[in-house]
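Next come the chains, spelled out residue by residue.
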Amino acid sequence: MTTPLPPRTPAEVDFPIERTEAEHVTRREFAKFLCLVSGGMAVGSGWVAVKDKIFPPFTFEGERFVCKVDDVAVGATHPFQLEGSKIPFILIRLTDGTFRAYEQKCTHLACAVYYSPDKNKIECPCHHGYFDANTGNVLAGPPPRPLPHLEVVIRGGDVYVREPEEKAS
Amino acid sequence: MNSQRDARNQAHPSKTNTLSLGIICVLVLVITMQVWLLTAALNESLEGDNAVKWPAFLASTLLFLAGAALLRYLPDPIRHARKSSRHSSSINKL
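Calculation notes
Residues take numbers from 1 onward in each chain, read along the sequence in its written order. Key to labels: chains lettered from A, ligands numbered from 1, both in the order written. Side-chain atom pairs in this predicted model are given and counted only at pLDDT of 80 or more, local residue features only at pLDDT of at least 70, and totals for whole chains, interfaces and linings cover all residues. Strands here mean DSSP runs of E at least two residues long; helices mean DSSP runs of H or I at least four residues long; both are numbered from the N terminus. Here the C-beta atoms are placed from the backbone, and a residue counts as buried if at least 20 other C-beta atoms lie within 10 Å of its own, exposed if 12 or fewer do, and partly exposed otherwise. Any residue pair is listed as a contact if its two C-beta atoms, each placed from the backbone, are within 7 Å. Expected helix span is taken as 1.5 Å per residue step, with the number of steps being one fewer than the number of residues. The arc in question is the one traced by the directions running from the helix axis out to the C-beta atoms. Each residue is assigned to one class: nonpolar for Ala, Val, Leu, Ile, Met, Phe, Trp, Tyr, Cys and Pro, charged for Asp, Glu, Lys and Arg, and polar for all the others, Gly among them. For two strands to pair, DSSP has to find at least two bridges joining them. Only the stretch in contact is used when a helix axis is fitted, and all axes are lines through C-alpha atoms; the angle between N-to-C directions ranges over 0 to 180 degrees. Throughout, the term roughly parallel applies to angles under 35 degrees, roughly antiparallel to angles over 145, roughly perpendicular to angles from 65 to 115, and oblique to all others. Handedness of a crossing follows from how the near helix is turned relative to the far one, being left-handed for an anticlockwise turn of less than a right angle and right-handed for a clockwise one.

## Notes on the overall build of chain A
Within chain A, the secondary structure is distributed over four helices and 10 strands. The order of helices and strands in chain A, counted from the N terminus, is α-α-α-β-β-β-β-β-β-β-β-β-β-α. Across the 169 residues in chain A, those meeting the buried criterion constitute 21%. In chain A, the share of contacts with a sequence separation of at least 24, taken over all contacts with a separation of at least 6, comes to 34%.

## Details of the overall build of chain B
When its secondary structure is counted, chain B shows four helices and zero strands. Along its sequence from the N terminus, chain B presents helices and strands in the succession α-α-α-α. Burial status across chain B gives 15% buried among its 94 residues.

## Remarks on helix H3 (residues 53-70) of chain B
Along an α-helix, a turn takes 3.6 residues, which lines up residues three or four apart on a common side. Over its 18 residues, H3(B) extends 26 Å from the first C-alpha to the last, a length consistent with the 26 Å expected when each residue adds 1.5 Å. For H3(B), the full list of buried residues reads B:Lys53, B:Ala56, B:Phe57, B:Ser60, B:Leu63, B:Phe64 and B:Gly67. Seen end-on, H3(B) carries its buried residues on one side only, within an arc spanning 130 degrees. Of the residues in H3(B), the exposed ones pointing more than 90 degrees away from the buried face are B:Leu62 and B:Ala69. If you follow the buried residues of H3(B), they end up packed against helix H3 (27-54) of chain A together with helix H2 (15-46) of chain B.

## Quick notes on the interface of chain A and chain B
Taken residue by residue, the interface counts 23 residues in chain A and 33 residues in chain B. For the side of chain A that touches chain B, the element with the most residues is H3(A), which contributes 17 residues. Split by residue class, the side of chain A that touches chain B holds 12 nonpolar, six polar and five charged.

## Considering the sheet that holds strand S10 (residues 158-162) of chain A
All names here are of chain A. Spatially, six strands are ordered S1-S10-S9-S4-S3-S2 in an open sheet, and the strand pairing comes out antiparallel. The sheet is open, and its two edges are formed by strand S1 (63-68) and strand S2 (77-81), each paired on a single side. Ignoring strand direction, the axes of neighbouring strands in this sheet form an average angle of 30 degrees. Here two bridges tie strand S4 (residues 99-103) to strand S9 (residues 149-155), and the two strands are oriented antiparallel to one another. Within S9, the position partnered with tyrosine 102 by the bridge is histidine 149.

## As for the packing of H3(A) against H2(B)
At a minimum axis separation of 9 Å, H3(A) and H2(B) run at an interaxial angle of 15 degrees. By the angle between their axes, H3(A) is roughly parallel relative to H2(B). In the crossing of H3(A) with H2(B), the sense of the turn from one axis to the other is left-handed. Residue composition of the contact of H3(A) with H2(B), by class: 19 nonpolar, six polar and one charged.

## Quick notes on the environment of B:Leu71
Residues and elements named next belong to chain B. Here leucine 71 shows up in the loop between H3 and helix H4 (79-93). Judged by the 14 C-beta atoms lying within 10 Å of it, leucine 71 falls in the partly exposed class. The spacing of leucine 71 and serine 20 is 51 residues in sequence and 9.4 Å in space, taken between C-alpha atoms.

So this is what it looks like as structure tokens:
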């Protein structure tokens, strides 16, 4: 003889859904979730497409003063920012005495890069990415693109930067 | 009509499983392609090449719409119908 089950409480009668059933994800729900992710991807692609129109990238016209030539020793760097922009740049005086100006953010994950005069390379300490100090091109590591650069103009003992010609045109 | 459908369901009891699985596989494939499109568009955009981002957006939107249209063919849940009948009978017993 089997013992009868205890009678259902009023709460169990009113809410007859078990917890395991409530937390169970059906294939139907999973497919809908995948569709939601797909919609998110489409929105993301749309954001990439319109981003430059909503937040146009920083550009400037003419030349901007950075510092005096004598302010930067050979093999040293000088960090600077341009008026109207929060992008950090570094002015590098290479071992051969020439100047280069690069964005200081690594193109991999935007870590701050630094110039290593011994190797004549720009190094990203986060994931050991290396850039050519003369050109900004990627030499090694995970960065996918060269460092954005500015053109350096020396005039009367002053260092100026301007937009590179290919970008300005 | 219904008897024919019942007969078909009895003859192929796993066809809704196959359909659900097929739709999920297609949706996973759609998302994979969208991830690739998004990555490519972002990479090209950051390099300053704007020729890719609009076609990528269009393709991604079309893929999403195709995926959303596929949801229409998801088999209806059987569990709820059975459960509601079971519960109504249990409530009647009480």
